[in-house]
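Next come the chains, spelled out residue by residue.
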Amino acid sequence: MPFLKKYRLPVLAVILVAVLPGLYSCTDSLAEEEIAVGLRHGEVGPEAGSQFVTVQAAGDWSLSISYLEGGSGWASIGPQTGSGDRSSVVLEYGENTSSGSRSLAIVLTSGGKAVQCTLVQKASGSQQGPEEPSADGVPGWMELPAVETGDGLRFVTHDMTLGGIPTRNYSMLWSDAHLVARWVAYPLSTWTIGTEDAGRTDDWQYDPEIPQEYQPCLFRGFPSGGSYGYDRGHQIPSADRQNEASNRQTFYFSNMTPQLSSFNQKIWADLENRVRSIARGTDTLYVVTGCVVEGSTSVAYDNEGKEVAVPVAYFKALLRYSRSGSTTGIGGYSAAGYYLEHRAYSQDSIDTSMLMSIDRLEELTGIDFFVNLASVLGSGYAAEVEAETPADRLWL
């Protein structure tokens, strides 16, 4: 099946794009004179190969290679100079026969500015990660909703390593037709957030698991009518993954949707902060963040003029688990949903009108959330968790 992904060891490093302060910020509008360089695949296998490098610049530019680890001289790039945007620059790299991974940075210089992106080549004999999909190709992770593919919908998962332990970063259901993920699901805890305090890598790049032609190009954000009318709004927030490699994956274009700045930077940011606060008081918080595109009549445009659906609403479904000390829920589990229309709000904080049961959220979105909860609690108790009215003191 085309949507299935081979589970492998997590990406050690993906692609570093911005090295200048504020460059390619999700909340900042970008000037036309700013520059970008990108690769389709930031991590490659040990075999020799090549791929195109995308350059975006208004004037003359030059490219160079800086070897980071694993020796030097194993790659070449050309042409090394040019003017204006170009997508036909070729990076070639040799076979990695060593037992360790190696990496390099491609540095773009133009108009007195410099940005870079990184390629990681895996070690010889790299093995698959320990996670294997079930018979239908979908893992039985607690955060996953029911996965229905076909008709341009793809199930995609990204992995990471924490403390030497391979685990999943996040999963999504991608829509080729709308160029957004219908939902992004992931576990959230102190452990999965990480300890490196990476901040924002601002590593804007294509998702290596989705064909590039079915993704928006968003190195320069969402222009609309000649101005930047929408933020590149994360579905899994950058702050939810603070190890550098896992944070870089949150900047894949597939994790972005066109969000109004007045929504993204205010009430939605408040909800994201609250979700992290809730997670700190649990063993694990399972999160599904998504957008509603049914009924949308608005589009934003990517950097190549492709239409991206502007969602009419956003939602979060949360399932919290605490092994001990919990006086609510069933078997340590309790759940809540949030649903917000995609518009400017007069308030900056969420309220009870946006909080609801999982059952109610399923009615609004048509998505069957937390389908694997029944395997732990049984179908009857799982249904009770999803039907419960969320307590304000736990969720607001």
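Every chain is numbered on its own, with residues counted from 1 as its sequence reads. In keeping with the model being predicted, local features are shown solely for residues with a pLDDT of at least 70 and side-chain atom pairs are shown and tallied solely at 80 or more, while totals for entire chains, interfaces and linings include all residues. As a convention, hydrogens and water are excluded, and side-chain values are obtained from all of the structure's heavy atoms.

Student: What exactly am I supposed to notice about the overall build of the chain here?
Tutor: What the chain contains, in helices and strands, is 7 helices and 21 strands. Look at the contacts in the chain between residues 6 or more apart in sequence, and 71% of them connect residues 24 or more apart. The method behind every accessible area is Shrake-Rupley, applied with a 1.4 Å probe, and residues are considered shielded solely by the protein chains displayed. Carbon together with sulfur atoms contributes 46% to the accessible area of the chain, which is approximately 15800 Å² in total. To qualify as a helix, a DSSP run of H or I must reach at least 4 residues; to qualify as a strand, a run of E must reach at least 2; elements of each kind are numbered from the N terminus. The contact rule is simple, with two residues in contact once any of their heavy atoms fall within 4.5 Å.

Student: Would you mind showing me how to read the pairing of strand E9 (residues 113-121) here?
Tutor: Moving residue by residue along a regular strand, the side chains alternate between the two faces of the sheet. With 2 bridges joining them, strand E2 (residues 43-44) and E9 adopt parallel strand pairing. Its bridge partner lying in E9, Val 44 is registered against Gln 121. Two strands pair under a simple rule: DSSP has to find at least two bridges between them. In terms of strand pairing, strand E8 (residues 102-110) meets E9 through 9 bridges, oriented antiparallel. What sits directly across from Ser 110, in E9, is Lys 113. Hairpin connection, E8 to E9: the antiparallel pair is bridged by 2 residues, and Gly 111 has positive phi, about 60°.

Student: Help me understand the nonpolar core in this model?
Tutor: Nonpolar side chains in soluble globular proteins tend to end up buried together. The criterion is simple. A nonpolar core is a set of buried Ala, Val, Leu, Ile, Met, Phe, Trp, Tyr and Cys residues joined through side-chain atoms within 4.5 Å. Categorising residues by exposure relies on relative accessible area from a 1.4 Å probe, with only protein chains included: less than 20% of the type maximum marks a residue as buried, more than 50% marks it as exposed, and the intermediate range marks it as partly exposed. Ranked by size, the top nonpolar core spans 51 residues in total, and within it Met 172, Leu 188, Leu 285, Leu 318, Tyr 338, Leu 340 and Trp 395 carry the most contacts. Ranked by the residues each element gives to this core, the list is headed by helix H3 (residues 261-280), at 7 residues. Those residues in contact with Leu 340, other than ones at most four positions away along the chain, are Phe 263, Ile 267, Trp 268, Leu 271, Ala 313, Tyr 314, Tyr 345, Ile 350 and Met 354.

Student: Mind showing me how you'd approach the packing of aromatic side chains here?
Tutor: Here a ring pair, both rings aromatic, is described through the centre-centre distance and the interplanar angle of the planes. Only the six-membered ring of Trp is used, alongside the rings of Phe and Tyr, when aromatic pairs are assigned; centres must lie within 6.5 Å, and planes under 30 degrees apart are stacked while those over 60 apart are edge-to-face, with the rest tilted. Throughout the structure, instances matching the rule amount to 12 aromatic pairs. Pairing Phe 263 with Trp 268 gives two aromatic rings, centres 5.6 Å apart and planes at 20°, and the pair type is stacked. Using a relative accessible area of 1% as the deciding quantity, one classes Trp 268 as buried. With centroids separated by 5.8 Å and ring planes inclined at 65°, the aromatic side chains of Phe 315 and Phe 369 adopt a geometry described as edge-to-face. Taken together, the residues Phe 315 in strand E19 (residues 313-321) and Phe 369 in the loop between helix H4 (358-365) and helix H5 (374-377) connect sequence positions 54 residues apart. Here Phe 315 and Phe 369 have matching classes, each one buried. The structure contains a cluster of three or more aromatic residues connected by ring pairs, namely Phe 263, Trp 268, Tyr 314 and Tyr 345. Its end group placed over the ring of Trp 395, Arg 320 keeps NZ or CZ at 5.5 Å from the ring centre. By definition, being over a ring means that NZ of Lys or CZ of Arg is both within 6 Å of the ring centre and within 35 degrees of the ring normal.

Student: Looking at this structure, how should I read the sheet that holds strand E5 (residues 75-78)?
Tutor: Hydrogen bonds between backbone atoms are what pair the strands of a sheet, whose relative direction is either parallel or antiparallel. Overall, antiparallel pairing links the 4 strands, which are arranged E1-E3-E7-E5 in an open sheet. Since the sheet does not close on itself, it has two edges, and those belong to strand E1 (36-39) and E5, each with one partner. Between one strand and the next, the sheet's axes are offset by a mean angle of 25°, whatever the strand orientation. Looking at chain direction, strand E3 (residues 49-56) and strand E7 (residues 86-93) are connected through 6 bridges and run antiparallel. Bridge pairing links Val 55 to Arg 86 in E7. Simply put, an axis is a line fit to the C-alpha atoms, just over the touching stretch for a helix, and the angle between two N-to-C directions goes from 0 to 180 degrees.

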